[in-house]
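Residues per chain, in single letters:
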Amino acid sequence: QVQLVESGGGLVQAGGSLTLSCAASGSIFSINSMGWYRQAPGKQRELVASLSTGGNTNYVDSVKGRFTISRDNVKNTVDLQMNSLKPEDTATYYCNAALTRGRTSWGQGTQVTVSS
């Protein structure tokens, strides 16, 4: 099993920046890819960014050019650098790990609030 712990959320003004960090522990070898999802009140959870073990990245259109996902294989962390934040980025952000054999692991979530 893989455990994920997020950190770095908070309150920021529009136009500001935040960096979310997700620390993975446990069966690290079973991780295929990692990503960040978010869920705003009354909305479905959506994929924000993902990063495969091969280094391929994927971003939802609304964050392209503003968010960057990166991974530190030594520290077993995956970060989401968020710049030029907008009020519509307000959500609970979840770290996700896609594991072997179709399994998945989620973090507990961290709140990001962007004020206008």
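Residues numbered from 1 in each chain as written. Predicted model: local features only at pLDDT ≥ 70, side-chain atom pairs only at ≥ 80, totals over all residues. Heavy atoms only, no water.

Trainee: So, the nonpolar core: which residues are in play, and what are the values?
Mentor: Among the nonpolar cores identified, the biggest contains 29 residues, and Met34, Trp36, Leu80, Met82 and Tyr93 are the most heavily contacted of them. Those elements that provide at least two residues to this core are strand E1 (2-7), strand E3 (18-26), strand E4 (31-39), strand E5 (46-52), strand E7 (67-72), strand E8 (77-82), strand E9 (91-99) and strand E11 (110-115). When residues in this core are grouped by element, the largest group, five residues, is from E9. (Core = buried A, V, L, I, M, F, W, Y, C linked by side-chain atoms within 4.5 Å. Buried < 20%, exposed > 50% of the residue type's maximum accessible area, 1.4 Å probe, protein only. Helix = DSSP H or I, 4+ residues; strand = E, 2+ residues; numbered from the N terminus.)

Trainee: Outline the side chain of Ser30, listing residues and values.
Mentor: Within the secondary structure, Ser30 sits in the loop between E3 and E4. The class for Ser30 is buried, based on a relative accessible area of 2%. A distance of 2.6 Å separates a polar atom in the side chain of Ser30 from the backbone oxygen of Ser27. The residues touching Ser30, leaving out its near neighbours within four places in the chain, are Val2, Ala98, Leu99, Thr100 and Arg103. (Polar contact = N/O pair within 3.5 Å; in protein donor to acceptor, adjacent residues only side chain to side chain. Contact = heavy atoms within 4.5 Å.)

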